[in-house]
Every structure is written in structure tokens, then in C-alpha cells.
Amino acid sequence: MKRIFLFLWLISTLLPAGAQQASNQQERVKWFTDARFGMFIHWGVYSGAEGIWKGERLRNGNNYAEWLRYRNRISEEEYVQLAKRFDWNKINPEQWVLLAKKAGMKYILITAKHHDGIAIWNSKVSDSNLSKLSGTNRDVIKELAAACKKHNMKLGFYYSHWLDWEHPNGWDHNQEITGRITDEQYNKYWQEKVLPQLRELLTNYGDIAMIWFDMWIDYKSTIVKKEQLDQVINLIHKLQPDCLINSRLGLPASDPGIDFETMGDNQLGAVYTNHPWETSGTIAHSWGYNALENEYKSTSQLLQSLIGNVSLNGGFTLNIGPRADGSVPYEDLTRLDDMGAWLSKNGESIYGCTGLELRPNQHDWGRITTKKLGKKQIVYLQVYNWPLDHVLRLAGILSKAEKAELITPSGKKALRFTQSGPLTHIQLPEVAGDNFVSVIALQYAQPLELDEKTVAESTFGGLALSAENDSENPSKYKLVQFDGLRPSHLIIDKDGLLMWQIYVPGAGTYNVDISYHNDSKTEMPVNISAGDQNLSHSLKPTGKVVVEPHDSYTDEFVNNRIGLFDFPKEGFYKVILKVSPKENEKLYFNRIWLSKKP
């Protein structure tokens, strides 16, 4: 045993300091990347207003109820009276913990101090805390910490460090106009309130899993100084070495003091990202309780947000906004119950999982998550849309699967499948495995060999060759994303080639179509080739199409049949599009569509 410890010590001393730090950080954050799903709780004095002030709604389109004091220009004296509306006979933080646990969440994050500057714990640093203002001796944070420990739930604190509408030297956005706060005054707030309150949170409530800050822009464009952020990082590392820090401290995810990146509010992942990250999202729209809320997301939306993030190596922290009596809105409860029921059956496809570094969103039936179990690798196909022809088409994995199973309420059921190159076809039963998202588990004997370039099949077997799956990306042409009117397209304004890699599972004849908008007044020649086959065609000019009568027109994208390709055998093929526009001519290219003739 002594030899083992000596060996480990020698290894640690030989590692460069940066490598040791990265290794320690990776170990510290592992629980978070395994958990993937947690609860956010927005609860504070603003919860007593419920998004309404003197009969008036919130004065800003974002309808974030926790911003009521600032948006509706409420005085401090009137605002703090809302604390009298809290019903301490009903408030029970343990119920929040039990709700999170039932929902399959692995951590809780609560707004210890939001932008209004009022702590929800019995802070000795400032009398502007919920306990004193509402006339109770109770400490919600203390009770929540005890409940989390009792039920094995990790606890984290949201702390608004940048904004504070209560402290005379704190920052609020209106000072961009008034300009009344100096660096010295702001530092007085930092030393008198921020650091002492963080010390309280890190000292008095046991193990703290994370401190979640909320400066959503780079600190360099604010009044906050790097030295002040370093003070926060050093304090956290000193008092709670395992406590995680998010990027909204005001620093990039690459900074050594940051453990994980927090995306924008409700901003879901778009690409696979190697470092730890998460989305904080809402069930409705507002974070704090809003009595007039009517923008609730469906269970399917929320599950797909969680799954989509995990497939890109991210997590999802889902918010509830309890009322001033601690109760949680019915709509929140039903969504969390549904998600918990789904995770009780399918949680193996989320917890401890990540995604495959394939092209994002290439499968129109859903997403992919994965994990390693010993030497084996399990790939989970998260099926949002159960195919009508009962064939699930998977692309991008060259390794041969050992088995395929559908997760159902009564257990796993074996499925038949065939594989050809990077394409796997799975035979599905008539009935989906789940009402929200069905999960198919594929088992592989060893880590996967991936094919990142081949175009994935669409639900019914065709191949859409678009700007998003061009094998030579990034293209030299400008990509215009779908804008609600025009489909995603490339603006081809000079000679050039686009190339795709496809895999044909067997000999056959394929129809070749092209979708485009020709912005010129003359026909534009194009050539599409596959192997030694060439199809030439002239694309006629296209005009406008009426979206809505009288006032809404947009570019018309048409679909032209170019011809046929005969593929003599199974295998990989390169499909090449060549366009030669004249000077000042443009082709708006949407896609090539290959479909096998019956």
C-alpha cells in the first residue's frame, strides 16, 4: 500500500502545475457532468408580488417577475413590505427537495441573493434579509441545507454579485445614465457585502456544491474588476475547495477559476462542447413566480431540452418559482412528475452520459447519448418521432453493435437490426416505448469508430444534401439560417464546388432533385456528379411567393428534378455540386435530395 501511495505522489509531483490543476478540476466537476439534471429555485421577496405591482403588470416584455422592483421603479421602503406576505406556517423547504428527488434531479440551486440585494437567509452581514424583513427566526437556507443532506441532494447557491439594488454602492443598470457610482464606492460594496455574505454561505451551511453567479456579460464591460473576481475565486477555493464556480462570474469557461460554462437563459446547446456546461431554463417563462404566466412549455419540450443538451455534453438546470407560501404551481408539478417518471425508466440514458461527436441534429428522429460501461459502450437513441414505417435509420457509427433493445415500462425488449457501413437500420415494433421519448439502447463491445462525414438518412430513407452536412465545411459561401420565411441556404456568388459523402447500402437507382432560388434574370447552369456520372441542368430564374395576402412576400425556393444516378454497388460515394454564376449573379442553394426509386 505504501508503494502505491509513493507512486501516486511521485506522479503528482512530476505533473506540470497546469496539468495537475486541470486534473483536479476534472475530478471536482465529475459529479456535475454525471448528474446532468438539477433544480433551480427562484424564491425571494419578489415572490410576494407575483409579477403584479399596484394592479400593474411588469413593465418589461421579458416578464421576469424577479425584476419587478427595478422594472416598475418601486422604492426600497415599499418593496420590502412584500416580505410580510410570506406564510411561514406553510413554507417547508424539504418539500422542494422531495420534489426535485422525485423528478430525477441530482442537485438544487437556490437564489440566496438575487439582484434586489435581499438575502433569503438570516444574514448577519445585512439586515436586508428575508428572515428579518418577514419577522421570523427561521433560516430557509439552513432548513434547505439540512433537507438536502437528509435526502442526499447536492446544494448550490445563486448569488448576484454584480447587481445589487439595495446597497447604496451596489450597481444597477440605471447608473449607465446617472453615472453616480465610482470604482471606490463599488469596491466598498464588494468588501462590505459580497465577500462577507459569500463567507457566510460557504461557512454556515455544510458542503456547498456550487456557487452560481449571474453576470451574463464579460466583466470588462462592467464596473467589476478582475481583482475582485479573483478575491471571490480564492475565497471559495479556501473555504470549500470542491465547490464549483460557473462562467457567469464574468470570466470565460477557459479561465482556470471557472469549472463550467453557463449558457444564456434558456439557451440550449448547438454543437458538441468538450468542457462542462449547462443551460438554466424555465418551465414557463418567468423565473420568479408570476401570477399572470401563460407560457408553459410541454413535457416533451423540456425532456428534449435535457436530452439535447446531454447529447452535446451539457446539462440542464430547470427552474421552479414557488409562491410566498412555498407552494409550487400545478403546471410545474405536472411537468416535473412526468420527467421524473420518464427518468425512472430511462435515466440510464442521461445520468453519466455524454454525446457522440457527430454532426449535430443530423437525425430527424431525435438525438443520441452514450456512456461507457467497463470495456463496452452503450449508445442510446432518443427517439422523438416514432417512424411510420417502423424502421429507425442511424448513421455515423462504423462499429458493429452486439445487440439493440427498446426500453419499455415492462423492461428491455430485443430488436432486430441490420448494418451496412455507417448505416444501421433497426426494426421497430408498432407501439413506441414511451409516450414522450422512446429510448433504444445499442451495445458495442468496445469504444466506437465513428464516421463524421457521411450524410444521415432522413426518416423515410432519402438523403438531404445541404449546407449543414457538406463534407468540406466550412464552405467558402455565406450560410443564411432559416429566418421563418426562407429555408437555410448558401449564397453561391462565385465559381466553386460543394461536396458530400454518402453511403449507398445496395445497388439502386436514385432520383436527384435540387431545391434553390435563382436570384438572377437568366438561367444558371449547374452540374451534379457522383463517381463517373454527371448530370447537367439549367436552373430557371425564380421570383417571389406570397406568404400572407397583401403584405408578406419572400424568395421562392423551387424543387427541380435533375435526373437519375445509378449506383452499381454498396459503398461510399462523393456527390459534387458545381455552380458557375456570372458576375453579379447569385444562386441561393437549399439542398440536393436523393431518393431511391421503388
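These remarks concern the structure in this document. (Residues numbered from 1 in each chain as written. Predicted model: local features only at pLDDT ≥ 70, side-chain atom pairs only at ≥ 80, totals over all residues. Heavy atoms only, no water.)

A look at the environment of R486
The condition that has to hold: Strands here mean DSSP runs of E at least two residues long; helices mean DSSP runs of H or I at least four residues long; both are numbered from the N terminus. We call two residues in contact whenever any of their non-hydrogen atoms come within 4.5 Å of each other. Pairing of N or O atoms within 3.5 Å defines a polar contact, subject to two protein rules: one partner must be a possible hydrogen donor and the other a possible acceptor, and residues neighboring in sequence count only if both atoms are side-chain atoms.
Here R486 is to be found in the loop between strand 20 (478-480) and strand 21 (489-492). Residues R486 and T111 lie 375 residues apart in sequence; the distance between their C-alpha atoms is 41 Å. With sequence-adjacent residues up to four places away left out, R486 is seen in contact with V480, T554, D555, F557 and Y588. Only 3.2 Å separates the side chain of R486 from the side chain of D555, close enough to count as a polar contact.

Describing the packing of helix 11 (residues 299-310) against helix 12 (residues 330-346)
In helix packing, the relevant descriptors are the interaxial angle and the interaxial distance, both defined with respect to the helix axes. As a reminder of what qualifies: For helices, the fitted line uses only the C-alpha atoms of the stretch in contact; every axis is such a line through C-alpha atoms, and the angle between N-to-C directions lies from 0 to 180 degrees. Should an angle fall under 35 degrees it is taken as roughly parallel, and over 145 as roughly antiparallel, whereas 65 to 115 is taken as roughly perpendicular and any remaining angle as oblique. Working rule for handedness: look at the near helix, and if it is turned counterclockwise from the far one by less than a right angle, call the crossing left-handed; if clockwise, right-handed. Each residue is assigned to one class: nonpolar for Ala, Val, Leu, Ile, Met, Phe, Trp, Tyr, Cys and Pro, charged for Asp, Glu, Lys and Arg, and polar for all the others, Gly among them.
Relative orientation of the contacting elements helix 11 and helix 12 amounts to 50°, with a least axis distance of 9 Å. On the basis of their axis angle, the class for helix 11 and helix 12 is oblique. The element helix 11 and its partner helix 12 pack so that their crossing is right-handed. The residues of helix 12 that touch helix 11, namely those facing T299, L302, L303, L306 and I307, are R335, D338, M339, W342 and L343. Its residues assigned to classes, the contact of helix 11 with helix 12 shows seven nonpolar, one polar and two charged.

Side note on the sheet that holds strand 14 (residues 401-408)
To keep things clear, this is the line we draw: DSSP bridges decide pairing: two strands pair if at least two such bridges lie between them.
Strand order in the open sheet made by the five strands is 11-12-18-14-15, with antiparallel pairing throughout. Looking along the sheet, the strands with just one partner apiece sit at the ends: strand 11 (366-373) and strand 15 (411-414). Across the sheet, the mean angle separating the axes of adjacent strands is 25° when strand polarity is ignored. Looking at chain direction, strand 14 and strand 18 (residues 438-444) are connected through six bridges and run antiparallel. Pairing of A404 across the sheet is with L442, part of strand 18.

Structural notes on the pairing of strand 24 (residues 524-530)
The condition that has to hold: Only protein chains enter the accessibility calculation, which uses a 1.4 Å probe; a residue whose area is less than 20% of its type maximum is buried, one above 50% is exposed, and one in between is partly exposed.
Most of strand 24 sits inside the fold, with six of its seven residues counted as buried. Across seven bridges, strand 24 lies against strand 25 (residues 533-539) in antiparallel orientation. The partner of V526 across the bridge, within strand 25, is H537. Taking the residues between adjacent antiparallel strands as the criterion, strand 24 and strand 25 are bridged by two residues, where G531 takes a positive phi near 65°.

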